[in-house]
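Residue-level structural notes
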Amino acid sequence: MATQTPSSSTSEHTKIRKRGNSSCSEEDEKIITSSPTSSSTPRWKYEVFLSFYGKDTRMSFTDHLYVDLKRKGILVFRDDEALKRGKCISQELSQAIQESQSAIVIFSAKYASSEWCLRELAEIVEWEEKNDLIIIPIFYHVDPSDVRNQRGTFKEAFAAHEKDPKVDIKEIDTWRNACIKVGNLAGEHIKGDRYESTIIKEIGRRIAHELNSRFSRHDYNKLVAIDSHVDRMIELLDMESDDVRFVGIHGMGGVGKTMLAEIIYDRVSNCRFEGSSFISCIREESKARGLASLQKQLLSMIMEEKIQIWDQNHGDRMRKKILHNKKVFIVLDDVDSDEQLTALAGDRKWFGPGSRVIITCRDSHLLRRYEMNPIYKVEQLEIAEALQLFSLSAFKETHPIEDYMDLSMDFVNYAQGLPLALKVLGSFLYEREIDAWKSEKDKLKAFPNPKIMDVLQISFNGLQKSQKDLFLDMACYFRGQHGVDYIFDDDMAESFGHYRIDVDVLIEKSLLSKSEYGLLSMHDLLKEMGQEIVQRECPQEPGKRSRIFCLEDLYQVLKNDAGTDAIKGIAVYSCPEMKQRLNAKALSKMTKLRFFKFHHSQSIKWHGKPLNYMQTNELRFIEWFGYHLKSWPNSFKPKNLTVLRMYFSQIKQLWKGSMDLDNLKELDRVIMRI
């Protein structure tokens, strides 16, 4: 919205002030004719401009409406509070109209008798035509047709203006046209058949809805694939039903749950409910402020006035009392515990018919436990959608610019459809040279983006120890090669000493996914986050970390005999170009080793026989691709071994005689070289 006053408006303002108010000084006239500097950026200072005839409504309806809007947090311009002394009134009002997002025009019986009100109205209409100002008329004990057609008191007022020699006829025509236009707009007709307090609340809700829908917190031009999500959510909310509906939204961190809830809230919260409330970041805020504070915020937003809550028990009682039979719309964002749901949502029977509650959560089991029905899962974006979202952040266009397509696809593939990652990376790369893009691509291989990792790690931090161990095992061991997930299922998880219930928990918290065939997989960025957590255990000494998954780290540990009992697992792929001589004895210090996956190459030379030093009853999994020795040491008897895979090995005989491996579930030698 431009801020420059149109030249026609400026010249007419000057003429109006010369004829209508001779007390205005020459200096004031110069101020009026000067225009604010043009700018493409909106300069909104107010959300509502109130236009009214003071003697009719200032001390009654207008004052009550003003107080209600202010209570809702809406910034309102009312001339008796906002005008500054020493300035000409017309210039101040004109600027206030230009700096407002909407205007409420209160047509009362004597509104048209005031030249000042009609000039305001003409300015409002002119600004609406040029800058899309929202106009909401209120016909206060006045028939809308009287305003449109200048009948009744409006006819009398215009007849008086026409007889006034100080008023220009062309200006009167402008006033008439403004009355016709605004009189034809949909508004509120107050005629004594309803309580004014009820009408005022409805007006407040309408103006809030108008502002939310047209000036949303989100730039809809930068949203991708959101319409289908919104349409589906509106369908699930079933707005026409009088039932009380609780709808859950879940998905992994950064997938867009909160944004979807915000869009739904902006669209419907103020149009048909008696009260609404959006409580964000509940997981963090409940820890920082306590649940009683969030109860206070919830009820204060619904009642549009400050509600006192002394403690959580008092909050429970107040919530039951206030919400009883009240139709409300509530969004509880980022919930992660039963206590939060109980304190803020409570029981369905406490809500009035038609109420709706949306709860966003990373844990689908928590939603099911609270009998959410239905539950909507937000999935990652498809490739084409992901590329569009990335491009909007990186180029401010829906597709990559020339020469950047391949690099853009590299970042899109890295993000694996996660909106958070696409927006963070795209914004960081905006207007950077192609060499900087290549550098950032290389950097991500060594240092994951902290903004992305911090959001993802929230889910990990809330896990129990056994669940964290399972997650880190999945992230570090079962990542496969060349981006392909390693085969892993519930049975294998149990065979490694994990609990099947922990697999379910990770799935419910969107940290794992299960295919229709029962195979488990993990999003690439979650794997990266898990590996980053392990590397932070001891950044400079990999031998003191719980898991080794980097080839260079393993070489360092084995060459320097730096192994410790902290190491629970090793999963690396050797590189033919890296010639190394490794100290097998270093494995003897890894007394808690449970998992060993190693892909051998001809460039690797061992000093000693590795299996002779892996004497630990903790060992459950061995996969040694290209094992270089022809015999299996008789002393190596891992009684808890569950999986043994010796692909393309040189072994001619696994062992002599009998071997008690009661827990062995998989033995795979595949194309042994005999």
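Cut-off values and rules
Residues numbered from 1 in each chain as written. Predicted model: local features only at pLDDT ≥ 70, side-chain atom pairs only at ≥ 80, totals over all residues. Heavy atoms only, no water. Helix = DSSP H or I, 4+ residues; strand = E, 2+ residues; numbered from the N terminus. Buried < 20%, exposed > 50% of the residue type's maximum accessible area, 1.4 Å probe, protein only. Contact = heavy atoms within 4.5 Å. Areas by Shrake-Rupley, 256 points an atom, 1.4 Å probe, with all protein chains shown as cover. Salt bridge = Lys/Arg side-chain N within 4 Å of Asp/Glu carboxyl O. Pairing = 2+ DSSP bridges. Axes fitted to C-alpha atoms, helices over the stretch in contact; angles between N-to-C directions. Parallel < 35°, antiparallel > 145°, perpendicular 65-115°, else oblique. Left-handed = near helix turned anticlockwise from the far one by under 90°. Phe/Tyr/Trp six-rings, centres within 6.5 Å; stacked < 30°, edge-to-face > 60°. Polar contact = N/O pair within 3.5 Å; in protein donor to acceptor, adjacent residues only side chain to side chain.

**Things to note about the overall build of the chain**
Assigned secondary structure in the chain consists of 28 helices and 20 strands. In the chain, which comprises 674 residues, the proportion classed as buried is 52%. Sequence-distant contacts in the chain: of pairs separated by 6 or more residues, those separated by 24 or more amount to 68%. Accessible surface, the chain: about 31,800 Å² in total, of which carbon and sulfur atoms supply 47%.

**Some thoughts on the pattern of salt bridges**
Scanning the entire structure with this criterion turns up 29 salt bridges. Among the ionic pairs, Arg 151 bridges to Asp 146, the shortest N-O distance being 3.6 Å. The salt bridge partner of Arg 368 is Glu 508, with a shortest N-O separation of 3.2 Å. Of this pair, Arg 368 sits in helix H18 (residues 364–369) while Glu 508 sits in helix H26 (residues 500–508), placing them 140 residues apart in sequence. In this structure Arg 368 comes out as partly exposed when scored by relative accessible area, which is 43%. By relative accessible area, which is 15% here, Glu 508 ends up buried. A cluster of three or more residues bridged by salt bridges with shared partners is formed by Lys 465, Asp 469, Asp 473, Arg 547, Lys 568 and Arg 594.

**As for the pairing of strand E8 (residues 328–332)**
By the criterion of burial, E8 is predominantly enclosed, with five of the five residues buried. The side-chain alternation of E8 yields two buried faces, one formed by Val 328, Ile 330 and Leu 332 and the other by Phe 329 and Val 331. The sheet contact formed by E8 and strand E9 (residues 356–361) spans four bridges and is parallel. By the bridge assignment, Val 331 is partnered in E9 with Ile 358.

**Regarding the packing of helix H21 (residues 419–429) against helix H23 (residues 450–461)**
Contact geometry of H21 with H23 gives a least axis separation of 9 Å together with a crossing angle of 160 degrees. Put simply, H21 runs roughly antiparallel to H23. Relative to H23, H21 is oriented so that their crossing is right-handed. Of the residues in H23, those touching H21 at Leu 420, Ala 421, Val 424 and Leu 425 are Lys 451, Ile 452 and Val 455.

**Section: the packing of aromatic side chains**
The final tally for this structure, using the stated rule, is 26 aromatic pairs. When the centroid spacing of 5.7 Å and the interplanar angle of 15 degrees are considered together, the rings of Phe 107 and Phe 139 count as stacked. Of this pair, Phe 107 sits in strand E3 (residues 102–107) while Phe 139 sits in strand E4 (residues 134–140), and the two are 32 residues apart along the sequence. Classification of Phe 107 by relative accessible area gives buried; the value is 0%. Judged by centre distance (5.5 Å) and plane angle (70 degrees), the ring pair of Phe 598 and Trp 624 falls under edge-to-face. You can see Phe 598 sitting in strand E16 (residues 595–599) and its partner Trp 624 sitting in strand E18 (residues 621–625), a full 26 residues away along the chain. Considered together, Phe 598 and Trp 624 belong to a single accessibility category, that of buried residues. Taken together, Phe 390, Phe 395, Tyr 404, Phe 411 and Trp 437 form an aromatic cluster joined through their ring pairs.

**A closer look at the side chain of Gln 531**
Note that Gln 531 resides in helix H27 (residues 524–535). Only 2.9 Å separates the side chain of Gln 531 from the backbone oxygen of Ala 475, close enough to count as a polar contact.

**A few points about the sheet that holds strand E5 (residues 188–190)**
The strand order across the open sheet formed by five strands is E2-E1-E3-E4-E5, and the pairing between neighbours is parallel. With partners counted over all chains shown, the strands left at the sheet margins are strand E2 (76–77) and E5, one partner each. As defined by bridge partners, strand E1 (residues 48–51) adjoins E3 across three bridges and the pair is classed as parallel. Within E3, the residue paired with Phe 49 across the bridge is Ala 103. Its contacts with the sheet put helix H4 (residues 61–71) on E1, E2, E3, E4 and E5, and the angle it makes with E3 is roughly 155 degrees.

**Let's talk about unusual backbone geometry**
For Gln 150, which is not glycine, the phi dihedral falls at a positive 50 degrees. A relative accessible area of 9% means that Gln 150 is categorised as buried. Even without being a glycine, Gln 416 presents a positive backbone phi close to 50 degrees. Here Gln 416 is to be found in the loop between helix H20 (405–415) and H21. Judged by its relative accessible area of 35%, Gln 416 falls in the partly exposed class.

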